[in-house]
Amino acid sequence: MAKKIAVIGSGVGGMAAAIRLQCRGYDVTLYEKNDTLGGKISEIQLGKFRFDTGPSLFTLPHLVDELILLNEKFNIIDFSYQKLDKVTKYFYENDTFISNDNPHNWDLFSPNNKNRIVNYLQKNKLRYELAAPIFLQNSLHSIHTYFSKYAWNALLKLHSLGIFQTMHEENMSNFDDMRIVQLFDRYATYNGSDPYRTPATLNIISHLEHNLGAYYPTQGMIAIRNAMSEMIKICGVVCSTGAEVSQILVNNNKVKGLIVNNIHYEYDYVVSNADICHTYRKLLPTIKAPERILAQPKSSSAMIFHWGVQGTHPDLELHNILFTDNYKSEFEHIRQGNIYSKPTIYIYISSKVKKDDAPAGCENWFVMINVPHDQGQDWHMLAQNAKENVVKIINKRLNINIEDRIIAEQIRTPLHIAQETGAYLGALYGNSSNNMFSAFLRHANYSTDIKGLYFCGGSVHPGGGIPLCLYSAQIVDKLIWSYDKSKS
Ligand code: FAD
């Protein structure tokens, strides 16, 4: 008889783990406390406007394709996406902008700086190829990882990984145009970190976007969730929504099952995709928690203004950034738990590509600023102040009166993100990566104390963001499978 596995949480990591394990032949049940699957990949409808509420940028799409290849019955799933020619349009304070396609075409910059950009991206390609097998694609906590040839390779070239410098320091030493420094510093925010603290290793994120490409699913970001939900249905994962797990049952240091709605269920393995802090504090109340790991500083969060906007704005593209003139101050404010009055503003308009996301003649604006994770701030007041500042900046930079064009609105703060997805303190990406040891201070994908207990998703190794969550599911799948094989 197939062994039974429970997966707690249907974020992208939990769904991928459930699909992989079911396709291996295990008998998998997925428990999700919300009524819909997807966790942070979610959507809202405001009148005739549809909005993605979570991720908007999609890299390494082959990680979803790999899931589709696991079962030939998945062939019927229509998951199409396009590579973006222009990823982000950057607006700077001095009214210059770059419509980002190929860095060779960034005419705004001097030929000297353009050459440096090409060399910089090549350096980060090599760095990524060195770091990914050890830091992203395998368990950093398994001894086997360190006996592999790629581990020795990485160790021998440790200096080139950039762990002894910050991202900002390295970018400053590469470019003499502050606009380029700011552009590349911004990649720290892709995992909720601070470019003035996070190691230069994280500059590999620019390689993902510029060399490997950024993509957009034809049916919007929610299509990632929808494709995975279909796979779950087709391969036979039992899916229980509106089902909050209240405890993981453990006996003699071995997982026994879990409790949902006061009913005990037995399982051979449990995979928690819930935030690691929630998993220990709520689901394992009698087990000694790894306090040092749980106490690591959390990543930043986001404040999002979902605006149904009347009129179309040809100056804007799918992804747009209005940069602040003082990035340093913006991050200093976040470090202190505050929001800078002149923040960098990200505007994502999915209706530029997926036309039916807004009624004719209108656009759906997802306007986001980086904010600290929740530390008990008055989010209602902060949101009112932030909205005033954001409106002022947009009006000045785009030369419009945006407040007159907003016909639908919903504002989301870190409190919403925490309540809806169980993200501890509303942090988007679990722990921040603001020091050189961060990678080693994320929780492993398995428990060293409780046999049969595994973890996936953005709050554990290798970290947050869709691709890394998908890697965490791959790692968990391999760990369970090889453990089982070693026992048989
Ligand atoms: P989560 O999405 O965190 O889901 C966990 C699930 O577990 C939730 O559904 C929750 O309800 C459920 N759960 C928790 N506790 C229980 C319980 N006790 N019982 C049952 N169910 C439970 N990433 C990118 O790659 N690109 C981006 O552009 C990007 N932008 C982002 C913007 C925003 C606003 C946000 C919020 C995130 C963004 N991210 C982005 C990050 C990315 O969305 C996440 O890293 C990823 O989706 C997290 O997936 P996960 O597997 O960790 O699970």
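Since this is a predicted model, take the numbers as computed values, not measurements. (Residues numbered from 1 in each chain as written. Predicted model: local features only at pLDDT ≥ 70, side-chain atom pairs only at ≥ 80, totals over all residues. Heavy atoms only, no water.)

Here we look at helix H9 (residues 222-235)
1) Next: Its 14 residues place the ends of H9 20 Å apart at the C-alpha level, agreeing with the 20 Å of an ideal helix rising 1.5 Å per residue.
2) Next: Burial analysis of H9 places 10 of its 14 residues in the buried class, the great majority of the element.
3) Next: Here H9 has its buried residues at Ile222, Ala223, Ile224, Arg225, Ala227, Met228, Ser229, Met231, Ile232 and Cys235. (Helix = DSSP H or I, 4+ residues; strand = E, 2+ residues; numbered from the N terminus. Expected span 1.5 Å × (residues − 1). Buried < 20%, exposed > 50% of the residue type's maximum accessible area, 1.4 Å probe, protein only.)

Notes on the packing of helix H1 (residues 12-24) against H9
1) Next: H9 packs onto H1 with a crossing angle of 30° between their chain directions and a minimal axis gap of 10 Å. Here H9 runs roughly parallel to H1, going by the angle between their axes. Remark: the crossing between H1 and H9 carries left-handed chirality. Along the contact surface, H1 presents Val12, Met15, Ala16, Ile19, Gln22 and Cys23, while H9 presents Arg225, Met228, Ser229, Met231, Ile232 and Cys235. (Axes fitted to C-alpha atoms, helices over the stretch in contact; angles between N-to-C directions. Parallel < 35°, antiparallel > 145°, perpendicular 65-115°, else oblique. Left-handed = near helix turned anticlockwise from the far one by under 90°. Contact = heavy atoms within 4.5 Å.)

Some words on the environment of Gly457
1) Next: Here Gly457 shows up in the loop between strand E19 (453-455) and helix H15 (466-487).
2) Next: Residues Gly457 and Thr421, 36 residues apart in the sequence, show an inter-C-alpha distance of 12 Å.
3) Next: Ignoring any residue separated from it by four or fewer positions in sequence, one finds Gly457 in contact with Asn273, Gly463, Cys469 and Ser472.

Thoughts on the pairing of strand E16 (residues 345-348)
Working note: regular strand, side chains alternate between the two faces of the sheet.
1) Next: Every second residue of E16 is oriented toward a common face, with Ile345 and Ile347 on one face and Tyr346 and Tyr348 on the other, all of them buried.
2) Next: With four bridges connecting them, strand E15 (residues 319-322) and E16 associate as antiparallel partners. Bridge assignment links His319 to a residue of E16, and that residue is Tyr348. (Pairing = 2+ DSSP bridges.)

Side note on the sheet that holds strand E12 (residues 263-266)
1) Next: The strand order E10-E11-E12 describes an open sheet built from three strands, whose pairing is antiparallel. In this open sheet, the two strands that pair with only one neighbour each are strand E10 (245-251) and E12. Across the sheet, the mean angle from the axis of one strand to that of its neighbour is 30°, orientation sign disregarded.
2) Next: The pairing of E10 with strand E11 (residues 254-260) spans six bridges and is antiparallel. What sits directly across from Val250, in E11, is Val255.

Let's talk about empty space enclosed by the protein
1) Next: Inspection of the entire model under this criterion finds one cavity of 30 Å³ or more.
2) Next: Approximately 30 Å³ is the volume attributed to the largest cavity.
3) Next: Residue lining of the largest cavity: Asp275, Ile276, Cys277, Lys298, Tyr424, Gly430, Asn431 and Ser459, and that is the complete set.
4) Next: Looking at side-chain class alone, the lining of the largest cavity contains three nonpolar, three polar and two charged residues. (1 Å grid on protein atoms, 1.4 Å probe; cavity = no way out; pocket = protein on both sides within 12 Å on 5 of 7 lines; lining within 4 Å. Points joined across faces, edges and corners; volume = space filled by probe spheres on them. Nonpolar A, V, L, I, M, F, W, Y, C, P; charged D, E, K, R; others polar.)

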